[in-house]
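# Structural features, examined
Here is how the chains run, residue by residue.
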Amino acid sequence: MEFALNEEQRMFQNMFRDFAAKDIAPHAEEIDHEETMPASILSKAANQGFLGATLPEEVFGAALDGVSYALMIEEVARACVSLSVVTAAHVSMVAMSILEAGSDAQKAEWLEAMSAGEVIGAFALTEPDAGSDAQSLQTRAVVDGDEVVLGGVKTWVTNGGIAGLFLVFARGAEGIDAYLVPQDTPGLTVGYREPTLGLRSASFNTVYLEGCRVPLTNRLGQAGGGWDIARRAQDRMAVALAAAGLGVATDAIAVASKYATERIQFDVAIAHKQAIQEFVANAYIETEALRYLVYRAAWLSDQGQSVSVEASTVKAFAARVARNVTNMMVQVMGGYGFMEDYPMARKYRDARSLGIIGGPTEVHQLRVAQKIFADLDVEIKL
Ligand SMILES: Cc1cc2nc3c(=O)[nH]c(=O)nc-3n(C[C@H](O)[C@H](O)[C@H](O)COP(=O)(O)OP(=O)(O)OC[C@H]3O[C@@H](n4cnc5c(N)ncnc54)[C@H](O)[C@@H]3O)c2cc1C
């Protein structure tokens with residue numbers, strides 16, 4: 001059993017940490033208040049290889065292994081959870097789906113541009129009446145000659161406002177299909193950014209598809225193969241979101257414990273108060289437990305193993321840890337933890353999203369329960 005990062009992973013970790021501290025963290029507060037993700041930040045992230053993180057070198061990807069990618073998302077989330085989510089949706093959900101299921105022509109058309117950040121990807125699965133139960137989606141895909149006509153409404157599309165390419169899931173004759181739909185396709189309309197509690201510099205939009213025609217060659221994978229593509233993307237995203245939870249929890253502890261050494265009450269730094277020590281210690285214990293679950297899930301996927309249960313396990317745990325830890329760290333900072341001028345309020349708001357984005361915790365728990373009971377020959381339905 002080996003718990004250490006290898007030399008290359010440690011080198012990447014330092015590189016990601018330096019970049020996040022220098023080029024992301026100084027802007028995180030401002031872009032959150034302005035509810036925007038500036039092109040300049042995305043362009044810097046692309047130059048660092050973040051937007052093609054796990055894509056191969058042939059398409060100018062950074063060819064990171066899963067553990068290094070988790071380290072990257074963790075470090076980005078320490079500085080800005082929104083950017084980690086924008087990046088993970090683009091890489092884990094869209095670019096990797098094209099790499100895994102795309103034709104040579106689709107890979108050639110999109111992957112280089114996605115690595116370079118010239119095209120941002122968005123994953124359009126959820127609908128107004130199909131959230132946790134995404135498989136019940138109603139968007140239609142009707143074949144007309146060598147084209148397909150898409151009609152329906154997609155909600156909660158991360159990157160909707162900045163995407164050049166939408167991976168749209170729709171019901172066709174043989175089940176759920178996946179289609180690559182460029183943003184400028186007539187019949188595709190992006191609605192305004194939904195106002196949200198957290199992740200305010202990412203954009204979440206409703207996308208309307210009305211008589212939206214794309215060539216049949218834009219279908220990703222086989223007819224009826226869309227659900228499998230979506231599930232694999234969700235598993236990758238679950239591990240990435242867990243890494244984001246690890247990042248935000250780690251930074252929350254760093255920020256609040258430093259504050260506790262500086263804040264004087266009753267003539268001593270509050271770090272000397274046992275209640276504060278307990279908050280910080282408990283937060284650290286939970287976060288370290290999460291750290292090894294995240295790295296393990298990423299490592300297992302590097303071994304080519306299916307990580308569906310591990311992805312759900314770590315995602316459900318990360319959502320809980322990130323919420324608990326940021327909640328405790330708000331308490332450590334007292335009134336300043338509640339103030340928007342300090343970073344803890346943003347971290348707390350952002351961490352809350354992790355129990356819903358990428359599927360609610362309850363559904364991930366059900367997937368874990370399904371596995372436990374399947375081992376006892378009992379089938380549990382979602
Ligand atoms: C910030 C953010 C970003 C997102 N980005 C994307 C994206 O890029 N692309 C995309 O397609 N979707 C995206 N989503 C949508 C997300 O996947 C859904 O919000 C999520 O799957 C839950 O669906 P819902 O919101 O409709 O909640 P519902 O399905 O209505 O569920 C509400 C609650 O009911 C409970 N529940 C539901 N089903 C069960 C069950 N079987 N057992 C027990 N309890 C249950 C859970 O507590 C759940 O929170 C995003 C969501 C958020 C918040």
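Predicted, not measured: the structure shown is a model, and the values here were computed from it.

### Some details on the overall build of the chain
Of the regular secondary structure elements, the chain holds 11 helices and 10 strands. Taken over C-alpha atoms, the radius of gyration comes to 21 Å for the chain, in line with the 21 Å a tight globule of 382 residues would show. Considered along the principal axes of its C-alpha atoms, the chain spans approximately 80 × 50 × 40 Å. Expressed as a percentage of the 382 residues in the chain, the buried residues total 53%. Taking all contacts inside the chain whose residues are at least 6 apart in sequence as the whole, residues at least 24 apart take part in 72%.

### Regarding the site of the ligand
Around the ligand, the structure places 16 residues, and the nearest of them are F123, T126, S132, W156 and T158. A distance of 2.9 Å is found between a nitrogen atom of the ligand and a backbone nitrogen or oxygen belonging to W156. T158 places a side-chain nitrogen or oxygen 2.7 Å from a nitrogen atom of the ligand. Those elements that place two or more of their residues in the shell around the ligand are β3 (147-158) and α11 (361-374). Counting the residues that make up the shell around the ligand, at least three belong to each of domain 2 (121-222) and domain 3 (227-374).

### Quick look at the domain arrangement of the chain
By domain assignment, the chain separates into domain 1 (7-115), domain 2 (121-222) and domain 3 (227-374). A separation of 22 Å is found between the C-alpha centroids of domain 1 and domain 2. At the interface, 22 residues of domain 1 touch 20 residues of domain 2. Taken together, both faces of the contact between domain 1 and domain 2 bury some 1800 Å²; the carbon and sulfur share is 68%. Its largest share of buried area at the contact with domain 2, domain 1 owes to E35, Q106 and W110, together 28% of the area lost on that side. Between the two partners, domain 1 and domain 2, sit zero salt bridges. Along the contact surface separating domain 1 from domain 2 lie six residue pairs in polar contact (both at pLDDT 80 or more).

### Brief notes about the pairing of strand β4 (residues 165-172)
With seven of its eight residues buried, β4 lies for the most part within the structure. Relative to β4, strand β1 (residues 121-124) runs parallel, the two sharing four bridges. Looking across to β4, one finds that A124 is bridged to V168. Summarising the sheet, β4 and strand β5 (residues 175-182) pair through eight bridges and their orientation is antiparallel. By the bridge assignment, G172 is partnered in β5 with G175. What sits between β4 and β5 in their antiparallel hairpin is a turn of two residues.

### Brief notes about the nonpolar core
If you look at the biggest cluster of nonpolar residues, it comprises 108 residues, and the most contacted ones within it are I98, M114, F123, F169, V294 and M329. Among the elements that take part in this core, helix α6 (residues 226-262) stands out by supplying 20 residues, more than any other. Among residues more than four places away in sequence, those in contact with M114 are L51, H90, V94, A95, I98, V119, G121 and L165. Membership of the second largest hydrophobic core comes to 17 residues, among which are A124, A141, V148 and A163.

### Observations regarding the packing of aromatic side chains
Per the stated rule, a full pass over the model turns up nine aromatic pairs. Pairing F16 with F50 gives two aromatic rings, centres 5.6 Å apart and planes at 75 degrees, and the pair type is edge-to-face. Highlighted residues: F16 in helix α1 (residues 7-34) and F50 in the loop between α2 (39-47) and α3 (66-79), separated in sequence by 34 residues. Judged by relative accessible area, which is 2%, F50 ranks as buried. Look at F19 and F50: their rings are 5.2 Å apart centre to centre, the planes differ by 80 degrees, and that puts the pair in the edge-to-face class.

### Digging into the packing of α1 against α2
Across the interface, α1 lies against α2 with an axial gap of 11 Å and an inter-helix angle of 160 degrees. Compared by their axis directions, α1 and α2 come out roughly antiparallel. Seen along the crossing, α1 lies across α2 with a hand that is left-handed. Between α1, through F19, D23, H27 and I31, and α2, the contact on the second element is made entirely by I41, K44 and A45. The class makeup of the residues in the contact of α1 with α2 is four nonpolar, one polar and two charged.

### A closer look at the environment of F373
As for its position among the elements, F373 is in helix α11. For F373, a relative accessible area of 35% gives the class partly exposed. Measuring from C-alpha to C-alpha, the distance between F373 and V86 comes to 35 Å, with 287 residues separating the pair along the chain.

Procedures and definitions
Residues numbered from 1 in each chain as written. Predicted model: local features only at pLDDT ≥ 70, side-chain atom pairs only at ≥ 80, totals over all residues. Heavy atoms only, no water. Helix = DSSP H or I, 4+ residues; strand = E, 2+ residues; numbered from the N terminus. Rg over C-alpha atoms; globule rule 2.2 N^0.38 Å. Buried < 20%, exposed > 50% of the residue type's maximum accessible area, 1.4 Å probe, protein only. Contact = heavy atoms within 4.5 Å. Near = heavy atom within 4 Å. Polar contact = N/O pair within 3.5 Å; in protein donor to acceptor, adjacent residues only side chain to side chain. Domains from an automatic or database assignment. Buried area = accessible area lost by both parts, 1.4 Å probe. Salt bridge = Lys/Arg side-chain N within 4 Å of Asp/Glu carboxyl O. Pairing = 2+ DSSP bridges. Core = buried A, V, L, I, M, F, W, Y, C linked by side-chain atoms within 4.5 Å. Phe/Tyr/Trp six-rings, centres within 6.5 Å; stacked < 30°, edge-to-face > 60°. Axes fitted to C-alpha atoms, helices over the stretch in contact; angles between N-to-C directions. Parallel < 35°, antiparallel > 145°, perpendicular 65-115°, else oblique. Left-handed = near helix turned anticlockwise from the far one by under 90°. Nonpolar A, V, L, I, M, F, W, Y, C, P; charged D, E, K, R; others polar.

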